[in-house]
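# Observations on chain architecture
Residues per chain are reported as follows:
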Amino acid sequence: MSNAVAVKPHFIKSVLLSLLVGAFALSACSKQDAAPPKMGPMPVTVLEMQPRSVPNAVEIVAQTEGAKETEVRARVGGILMKQLYQEGATVKAGQPLFQIDRSSYEIALAEAKAKADQATRELARLKKLVDIQGVSRKEYDDAISANELAQAALRQAELNLSWTTVTAPVDGISGRAAKSVGNLVTVGSDSLLTSVYQHDPMWVRFSISLNEAARLPGGRLTPETVTGVELVLPDGSVFPVKGKLNFMASTIDPTLGTRQLRAEFRNTEGRLLPGQFVRIRLLAGEQGGVFLVPQSAVIQSEQGNLVMTADAENKVAPRPIKTGEWFGKDWIVLDGLKAGDKVIVDNLMKLKPGAPVDPHPPAPPAGAPEAAKPAPDAAKPAQK
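All values derive from a computational prediction rather than experimental measurement.

Conventions we followed
Numbering of residues begins from 1 in every chain and follows the order in which that chain's sequence is written. Totals for whole chains, interfaces and linings use all residues, but because this is a predicted model, local features are given only for residues with pLDDT of at least 70 and pairs of side-chain atoms are given and counted only at 80 or more. Only hydrogens and water are set aside when side-chain values are computed; all heavy atoms of the structure are taken into account. Every helix listed is a DSSP run of H or I at least four residues long, and every strand listed is a run of E at least two residues long, numbered separately from the N terminus. A simple rule labels every residue: compare its accessible area, found with a 1.4 Å probe on the protein chains alone, to the largest value its type can have, and call it buried under 20%, exposed over 50%, or partly exposed in between. It only takes one pair of heavy atoms within 4.5 Å for two residues to be counted as in contact. Calculation of accessible area relied on Shrake-Rupley with a 1.4 Å probe; when residues are assessed, cover is drawn exclusively from the protein chains displayed. Strand pairing requires that DSSP identify at least two bridges connecting the strands. The angle between two axes is taken between their N-to-C directions and runs from 0 to 180 degrees, where each axis is a line fitted to C-alpha atoms and a helix contributes only its stretch in contact. The labels follow the angle: roughly parallel below 35 degrees, roughly antiparallel above 145, roughly perpendicular from 65 to 115, and oblique for the rest. Note on convention: the crossing is left-handed when the near helix lies turned anticlockwise from the far helix by less than a right angle, right-handed when the turn is clockwise. Here, expected helix span is obtained from the residue count minus one, scaled by 1.5 Å. The salt bridge definition used is simple: a Lys or Arg side-chain nitrogen within 4 Å of an Asp or Glu carboxyl oxygen.

Looking only at helices and strands, one finds four helices and 20 strands in the protein. The 384 residues of the protein split such that 32% are buried. For the protein, restricting intrachain contacts to residue pairs at least 6 apart in sequence, the fraction spanning at least 24 positions comes to 76%. With the model as given, the accessible surface of the protein reaches about 24,600 Å², and the carbon-plus-sulfur share is 57%.

To continue, consider the sheet that holds strand 8 (residues 184-185). A sheet is described by the order of its strands in space; here four strands give the open sequence 6-5-3-8, paired in antiparallel fashion. Single-partner strands in this sheet number two, and they are strand 6 (165-167) and strand 8. As defined by bridge partners, strand 5 (residues 96-100) adjoins strand 6 across three bridges and the pair is classed as antiparallel. Paired with P96 across the bridge in strand 6 is T167.

At a closest axis distance of 8 Å, the pairing of helix 2 (residues 103-131) and helix 3 (residues 137-162) adopts a crossing angle of 160 degrees. What the angle tells us is that helix 2 and helix 3 run roughly antiparallel. Relative to helix 3, helix 2 is oriented so that their crossing is left-handed.

Before going further, it helps to examine helix 3. Across its 26 residues, helix 3 extends 38 Å between first and last C-alpha, which sits within 8% of the 38 Å expected from 1.5 Å per residue. Three or more residues of helix 3 are buried, namely Y140, A143, N147, A150, L154, A157, N160 and L161. Of the surrounding elements, those touching the buried residues of helix 3 are helix 2 and strand 6.

Glancing now at unusual backbone geometry. Residue P201 follows D200 across a cis peptide bond; omega there is 5 degrees. The topology assignment puts P201 in strand 9 (residues 192-209). Its identity is not glycine, yet N314 carries a phi of approximately 55 degrees, on the positive side. With respect to the secondary-structure elements, N314 resides in the loop between strand 15 (304-310) and strand 16 (316-320). Taking relative accessible area as the criterion, N314 reaches 30% and is therefore assigned partly exposed. Its identity as a non-glycine residue notwithstanding, N347 has a phi of 55 degrees, on the positive side. Tracing the sequence through the fold places N347 in the loop between strand 19 (342-344) and strand 20 (357-360).

For I332, the location among the structural elements is in strand 18 (residues 330-335). Exposure remark for I332: the relative accessible area of 3% places this residue in the buried category.

Moving on, we come to the pattern of salt bridges. The full count for this structure, using the stated rule, is 18 salt bridges. Across the pair D200 and R266 runs a salt bridge, and its minimum N-O distance is 3.2 Å. Taken together, the residues span a long stretch of sequence, with D200 in strand 9 and R266 in the loop between strand 12 (258-265) and strand 13 (277-294) at a distance of 66 residues. R266 gets classed as partly exposed once you look at its relative accessible area, which sits at 44%. Through salt bridges with shared partners, one network takes in E59, E230, K242, R279 and R281.

As structure tokens, this is what we get:
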């Protein structure tokens, strides 16, 4: 008798059908898992444009300089014995800065004083004699001249001794010492010891080109055109004190095609230092009906400047614009925008014309108070 088990045909068919159904199900699931998720509109930050009035201004690179940059020079020669100030510190007029060896000048003063005393005594003796005609009038006149020369030599010796102490000629900031202690100081071209820079007021020197001047009202620069002068510091902030023009060249540099100008600013706190590179903003009235767009939102191309906007259907719409000068960190847009336009200011590299976006206003700055949330209605009875 055989041990083989007989398998019925209908059982085999049911097993094959179950395997096929399972394979189709697995294939459908794998296809669903492989399909990428559908992307929604890209979130972007937008600024709603509103017309504004901004100063009509031209910004120019400038450099500060002390109102008085005074050289401190030795009037007498000798060995430099002491340096009496701290380099870079503020000094007052008359404050001692250097000490030159005094010994030879003290000896010269003592000698000049002795000669002056002798000449004075000789003049007094001859005066008594000339009254009784004991000496000639010429001898007496010669004694007068000799006494005057001796007194002048005494005064010069006193000055030379006083000049061994070199003092600051004006108030200001001291510069680096040009001589070290122990060096020989000579009178002449090698007599420079240091410089003192007067920092209040501070002068700012700059030049304006003909093209820049043409953007001012009337197309030219005159003292009546400029209504104010502002100074923009390297960090982009505006110096709190406004200045004034105190020099305007009457000629144009034929090589550079520029006109030299100078402005003056009060600098009581010493915030400005000589030699500092800054920007001067010449104000000439106001211009209205313009828009301010962050510099980062303006795309510069060969065809000109443009911005990306979100249209009424929240789709990306490029907009060519005409820009003017910078105003702080923004471009002044003269043409191409209208009130209510929504300019996109971020994710610009990911945008394509016509692509859908999800616009939202800028986030409030850090530290700004949040909008007050409505308090829960305490009078409303609790639901059971």
